[in-house]
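Structural overview for review
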Amino acid sequence: MEAQNILIEPVVTEKTNLLREEKAAKYAFKVLPEANKFQIMEAVEKVFGVKPTACNTMWVRGDKKATRTRSGYRIGQKSSWKKAIITLAPGEKIDMFEGV
């Protein structure tokens, strides 16, 4: 796996913005399901040039969605995905999130 392929997209929500603005800079990413913590930390280091100190991973369950058709309702489900929260060393930040 290449570093660019492990990190799918950043997760930018109100909750992740609060985590990022605290004293301990924490950033959230949607990552490949097969990637482990060490591969994710290495990918962040290569792509953004920062030194991560910790990585927490979790599975986000896909939401159930109902769609209306002529014959009634159909219940479906979005795909589940893996989220990684990266903690950076003190004083470091990722400029992409800061809007610089």
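Before reading further, recall that the structure is shown in the block above.
Residues numbered from 1 in each chain as written. Predicted model: local features only at pLDDT ≥ 70, side-chain atom pairs only at ≥ 80, totals over all residues. Heavy atoms only, no water.

1. Considerations on the overall build of the chain
Cut-off, in case you're wondering: Where helices and strands are cited, they refer to DSSP runs of H or I of at least four residues and of E of at least two residues respectively, numbered from the N terminus. Computation of the radius of gyration draws on C-alpha atoms alone. For the globule rule, the value is 2.2 Å times the number of residues to the power 0.38. Exposure classes here rest on a 1.4 Å probe applied to the protein chains alone. A residue is buried below 20% of its type maximum, exposed above 50%, and partly exposed in between. Two residues form a contact once any of their heavy atoms are found within 4.5 Å. Calculation of accessible area relied on Shrake-Rupley with a 1.4 Å probe; when residues are assessed, cover is drawn exclusively from the protein chains displayed. His is not counted, nor are the chain ends, whereas Lys and Arg count as positive and Asp and Glu as negative. Charge coordinates come from a single atom per side chain, which is NZ of Lys, CZ of Arg, CG of Asp or CD of Glu.
Each helix and strand counted, the chain has four helices and six strands in total. Going from N to C terminus, the chain has its helices and strands arranged as α-β-α-β-α-β-β-β-β-α. In summary, the chain has a C-alpha radius of gyration of 16 Å against a globular reference of 13 Å for 100 residues, an excess of more than 25%. In terms of overall dimensions, the chain has a C-alpha envelope of 55 × 30 × 20 Å along the principal axes. Considering the chain as a whole, with its 100 residues, one finds that 30% of them fall into the buried category. Considering only residue pairs separated by 6 or more positions, the chain has 63% of its internal contacts joining residues 24 or more positions apart. Per element, the accessible surface of the chain, about 7,300 Å² overall, is 49% carbon and sulfur. Looking at the chain, you have 18 positive and 12 negative side-chain charges, and the mean spots of the two groups are 12 Å apart.

2. Some remarks on the environment of I8
Summarising the element assignment, I8 is placed in strand β1 (residues 7-10). On the basis of relative accessible area, I8 is assigned to the partly exposed category, the value being 45%. Along the sequence, I8 and L19 sit 11 residues apart, while their C-alpha atoms lie 20 Å from each other. Here I8 is in contact with K30, V31 and L32, once residues within four sequence places are set aside.

3. Some points on the pairing of strand β6 (residues 81-88)
Heads up, the rule is: Two strands are said to pair when DSSP picks up at least two bridges between them.
Across the eight residues that make up β6, a large majority, seven, are buried. Examined bridge by bridge, strand β2 (residues 26-31) and β6 share six bridges and lie antiparallel to one another. Directly across from A28, in β6, lies its bridge partner I85. Alignment of strand β3 (residues 52-60) against β6, held across eight bridges, turns out to be antiparallel.

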